[in-house]
Every structure is written in C-alpha cells, then in structure tokens.
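# Overview (structure and organization)
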Amino acid sequence: MAQRNTYFQDEAVEKDKIDIKNLKRLLRYALPHKKLLIFVLIIMLIAVASSMVTPLLLKFIIDTVIPDENYRLYFLALGGFLLAGLAEIIITFYQQRSLGRMGHGIIADIRKDIFYKLQSLPFDYFDNRPAGKIVVRVTNYITELADFFTNYLMNFILNIVKIIVVTVFMLCLSPLLTAVVYSAIIPLTVGVFLIRKAIRKLFRKQRAKDSNRTAYIVESIMGEKIIQNYNRTEYNEKIYHDLQKECSDTWMQIVRRNELNSPVVGVFWNYGTIMLYAIAFLLMQMGGAFGVTTGITIAFLSYMSLFSTPLTQLSAIIQNLAQVSANLERIFETIDAPASIADSDSSIELGDVAGKIDFNDVTFCYEEGVNILEHFNLHVSPGESIALVGPTGAGKTTVINLLTRFYDVKEGSVTIDGIDVRDIKLKSLRSKVGVLMQDPFIFKGTVIDNIRYGRPDATDEECIAAAKTIFADKCIERLPHGYYEELAERGEGLSSGEKQLISFARIIVKNPSVVILDEATSSISSDMEKLIQNALEVLLKGRTSFIVAHRLSTIRNSDRILFIANKGIAEEGTHEQLLKKQGLYYNLYKSLK
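What comes next is a walk through the structure. It should be emphasised that the depicted structure is a prediction, and the values quoted were computed from it without experimental measurement. All chains use their own residue numbering, which begins from 1 and follows the written sequence. Where totals are concerned, whole chains, interfaces and linings use all residues; where local detail is concerned, this predicted model gives features only for residues with pLDDT of at least 70, and gives and counts side-chain atom pairs only at 80 or more. Hydrogen atoms and water are omitted, and side-chain values are computed over all heavy atoms in the structure.

### Re the packing of helix H6 (residues 175–222) against helix H9 (residues 261–285)
Rules: Think of each axis as a best-fit line through the C-alpha atoms, taken over the contacting stretch in the case of a helix, with angles from 0 to 180 degrees between the N-to-C directions. Every helix listed is a DSSP run of H or I at least four residues long, and every strand listed is a run of E at least two residues long, numbered separately from the N terminus. Angle categories: roughly parallel below 35 degrees, roughly antiparallel above 145, roughly perpendicular from 65 to 115, and oblique for all the rest. Residue classes follow a fixed rule: Ala, Val, Leu, Ile, Met, Phe, Trp, Tyr, Cys and Pro count as nonpolar, while Asp, Glu, Lys and Arg count as charged, and any other residue, Gly among them, counts as polar.
Viewed as axis vectors pointing N to C, H6 and H9 meet at an angle of 175°, and their least axial separation amounts to 9 Å. Overall, the two elements H6 and H9 adopt an arrangement that is roughly antiparallel. Classifying every residue of the contact of H6 with H9 by side-chain character gives 20 nonpolar, four polar and one charged.

### A few points about the nonpolar core
Heads up, the condition is: Residues belong to one nonpolar core when they are buried, are Ala, Val, Leu, Ile, Met, Phe, Trp, Tyr or Cys, and are joined through side-chain atoms within 4.5 Å. Note on exposure labels: buried denotes an accessible area under 20% of the residue type's maximum, exposed denotes more than 50%, and partly exposed covers the range between, all computed with a 1.4 Å probe on protein chains only. The contact definition used throughout considers only heavy atoms, calling two residues in contact when any of these lie within 4.5 Å.
Formed by 42 residues in total, the largest nonpolar core has its most connected members in Ile451, Ile555 and Tyr585. The element that contributes the greatest number of residues to this core is helix H16 (residues 496–510), accounting for seven residues. With residues up to four places along the chain from it excluded, the contact list for Ile555 reads Ala387, Val389, Ile547, Ala549, Ile561 and Tyr585. Within the second largest apolar cluster, 37 residues are counted, among which are Leu145, Met154, Leu158 and Leu321.

### Some thoughts on the pairing of strand E4 (residues 411–416)
Worth spelling out the cut-off: Strands were regarded as paired on the criterion that DSSP finds at least two bridges between them.
Of the strand pairs in this sheet, strand E1 (residues 357–367) and E4 are connected by five bridges, and their pairing is antiparallel. By the bridge assignment for E4, Phe359 is matched with Val414. Bridge count for E4 against strand E5 (residues 419–420) is two bridges, and the pairing is antiparallel. Of the residues in E5, the one forming a bridge with Ile416 is Ile419.

### So, the layout of surface pockets
Going by this rule: Only protein atoms enter the 1 Å grid, on which a cavity is a set of points fitting a 1.4 Å probe that cannot get out and a pocket is an open set with protein on both sides within 12 Å along at least 5 of 7 lines, lining residues being those with an atom within 4 Å of a point. Grid points are joined across faces, edges and corners, and a volume is the space filled by probe spheres set on the points.
The volume enclosed by the second largest pocket comes to roughly 470 Å³. Put simply, the parts of the chain that give the lining of the second largest pocket at least two residues each are helix H2 (34–68), helix H3 (71–120), helix H5 (131–173) and helix H10 (294–335). Counting residues per element, the lining of the second largest pocket draws most heavily on H3, at eight residues. Of the residues in the lining of the second largest pocket, the class split is nine nonpolar, 12 polar and two charged.

Pasting the structure below:
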C-alpha cells in the first residue's frame, strides 16, 4: 500500500496565504442564491445609511436645538433617534435570517458535492487517509464555512462600505479632525493586522492537530472491542492525552497572541480620543477655528465608535479568511481528487455475460516500485470455478479487486467476454459481478432492507426466498420481528455468522453472472457451513466464480485451484492433482488438516 497519513502525522498545507482562487470558487456557490444576496446587500446599505444619521442628529441637537431652545425640533430629533433604532432592529433581523438561509443553502451544496465525490473516488484515496481525517473535512471544515458565510462574508463587505462612508461624513464635517482620528486609526489597524498575521500560522497548525485527534477518536470507536480485549485502554488514553495536549498547547498559543488585541486597541483608541478632545478644545478656544463646534466634536466621537467595530471585525474576518482558505484547500482537494476509476465517454453496457475471464500479462502495485503481481496470466472459461489460495499478502484479493475494478491494472488488461473491464460502465460491470467480502457490512435498517441492498426494487417475497435458499431463514425468524427487525449500526447484536448469512442472501437477490467469495465462509461455524454448501452449489452453478478461502471444504471441489505466490501463479490444478505434486499446496493442505 502507498504511505498512509496517520493520526500522528500533520497534513501539509500547500499554501500559507489566503488563496484568492479558492475564495472565488467558493463565491460561485452563491450564484444560485443571487436574489437573496442582492436583497441582503440592499438592506445592509440601508443599515449603513441609518447608522450615519445618529451622530448628525447629536450635532444638530447640541449646535442648533439647545442654543435656540426649540423644543419642537428637539422632539423631532428624538423621533429621528427612535426611527433609526427601529430601522436597525428590523434590518438586523432580516439580515441575520437571510444570511442564515443563504449560508446554509451554500453549505448544503458543498456538502452534497463532497459527499457525491467521495462516493466515486477509488479505493486508493481511502487507503491513504484515516477515516477521521476524511470525516473532519465533511463535518468540521464545512461547518466553519457555514459560520463564515453567515457571520463574516457579508459583514466584510458591510464593514468596508461603513469605513468609507464614515470617512466621507467626517471629511464633510471637518478634514482636520478626520486627520486626527486617522492618526490613531492607522497605527491601530497596522498593529491589529500584525497580530492576526502571527496567529494565522498557528490556526493552520491547530487545525492539523485537531484533524489528528479526530482521526484517532474515530479509529478508537471503530476498534473499541479490540482495544478492551487487548487491555489497551490505559495506553490509548495516554496517546489521546498527548494528541489533546498538542491541540490545547497550540490553542493557548493562539489565545496568548490574541490577548494582545485589547491593549493595542486600547492604547491607540485612547490616544485618538484624547487627541480629538484636546485639538477640538483648542480650536473652540480659538473661536471655533476650522468650523469646529461642540456638536461636531460629539459627532466625531460617535463616528469614531462606528469606526472601531468595523476595524476590529475586519481583522477578525481576514483571520477567518485565512482559516477558511486552509479549509477550502482540503475540501476542494477532495472534490477535485481525480476519480481515476470512472466511466469514459466510450464506456459500454454489458449485455448477457457468459463469464469468460482473462488476465492478460497483468502487472499491478499499490505502492510504486513494489509489484504485487507481475506478468500475471489467467484464462477462465464460462462457468468455471477458480479457487485462490496462498500466503497472506501474496495477491489473492488483488486478483479479484482488479476484476471488479476496485483498482486498475498498471500493465496488461483484465477482460470479461473479451471486453476490457476499463471499457465497461462501472455500474454495469458491478451489476454483473457480485462480491461477498470476508467482513460483511450490515447497514442500519431492517433485515429485509439489508438483503435487498444491491437491488432496491426486489420484492419482500424475493428477499425471503433468497434467505431460505442459503438457510438464513432459521436465524432470521428467531429475531423478535423476523425479516422486519431493525438492526443496529454494523449489525451489532448479530453473530458474525448471522451477518455473513444476510450478505449471502443479498448476493443471491442481486443474481450476478460472476460470483466472488473473498473468505466469505470464514465467519460461519462448521455446522452452518454444512448447511450452506448446497446453497453455494446452487448459487455457483453455471456461473464463473472466484473463491478466496482457507477452508478446504470450500475450495476442494473447485475446477481449478491456483496457489498465488511470488507475484504470480506458483501452482495450478485440481485438488487431487496438486496433492500429487506434493508442493506448496500440499504443504498448505497438510498444515490446515
């Protein structure tokens, strides 16, 4: 197998900066929601305009209403405050609701794309990654994207607009005081952005550590029985402690740097406020030089407060953009992962399959340079039964994986009825080739739904008949609700043999032309094995079959037995012929007997 990224290895991030290309691609997901997007932009602009009114009303009251003692204008101004407040409340409500709808709609589309892609990716993609590191891409990373769309994306646009509009309003009131405010705002912004830049790399590191921890948790849940049986609990707790410590240590580094925000903002903000008061006071003492009045000064203080929120939010948004960029790199890496095993434009449907199988000079490797099979040749006649035996890792399962096109050959070809499997539509190929795995997977649902899994249109009667064919009905009918018993995830509560019998019934309902048994009887008791031998004869009769097994009772009646070793077929013949040779198969037979 290729080198596998595990829970103790950090995933490398290719780009350390915000990837504009990925962000543009992300925004394309917003196009189907453009009407809602335009609506949100409009109400945001209205919100910006309404927020500009309050400081002007303050200036009006201080410079005009109070000196003239005009109570009518005073109450009109108070009404203006009330209307501005109500407008802000209503706009905020519709803004949050609309952003939530749009954000989660976009995220639903991304989740759909990544899930659909995972369904089509070849096995080697999953071979090289722990399940937890794939799960975290579909869950955590996309959840963070939802937060970005809901709370950050539109606010980013809003804050830029607000800063520009506030600056214009301040310049209209007093260019001099605007310069004073910016003497504090510019160094404040630089300081905040420098802190965020230092935090950005730590966020990438923290994400990698979190991915490692998730991968280990998923692995531990899947292997809980083995963990407890081998008394690994305390040892695994230590591993988790180390992974958690790496996560928490990295997070604390982020927190410590993030805490610098408050003093930096506080220093420059107080400096700006003091300078604004001081210069405004001097100008007013000079008889209102440069047109500075008490009302203008108060208005400027209000506009400064409108400045603070957008600036601090912008720095947080840009930091979040860096996080989102790292997430997008992982998400789009999965969405863009090449489906190396896929239909081509010229792929064809299989008609009736006779079952002639040919492996022509096949060479295959999981890891480049380490061949499992070399110049492998095998020619199987329709209806012939082929048993594959040999040491672990010799390539028995590899042979059948190439036939089902779970992997593609590196050299040579595999054909069914003279047609290269690479030229056949995958759905058509796999409908004609049925595989029974060593570890049967039972899905959550009823027994009968699990039996019809490969053929959703199968009737209940067909499913029950299939179960009876391989004598599974006796086990199933012992369940409280029989065929309609709800099974837990992975068939918890069923024995290994019972799970295997359900998978046998599943393959009978599918009714393929070529049948593959990959250690399919290994989990069935000796008594149960005797019961299903006749069922297997019925299932395999007239069908080409490949049987990977160590039980002699399963393989001894095969038309040909192949001993797979040394990257090819070391011995070949019937059970009796191979025993007479007294070679590798004979030694295996003696050891098993």
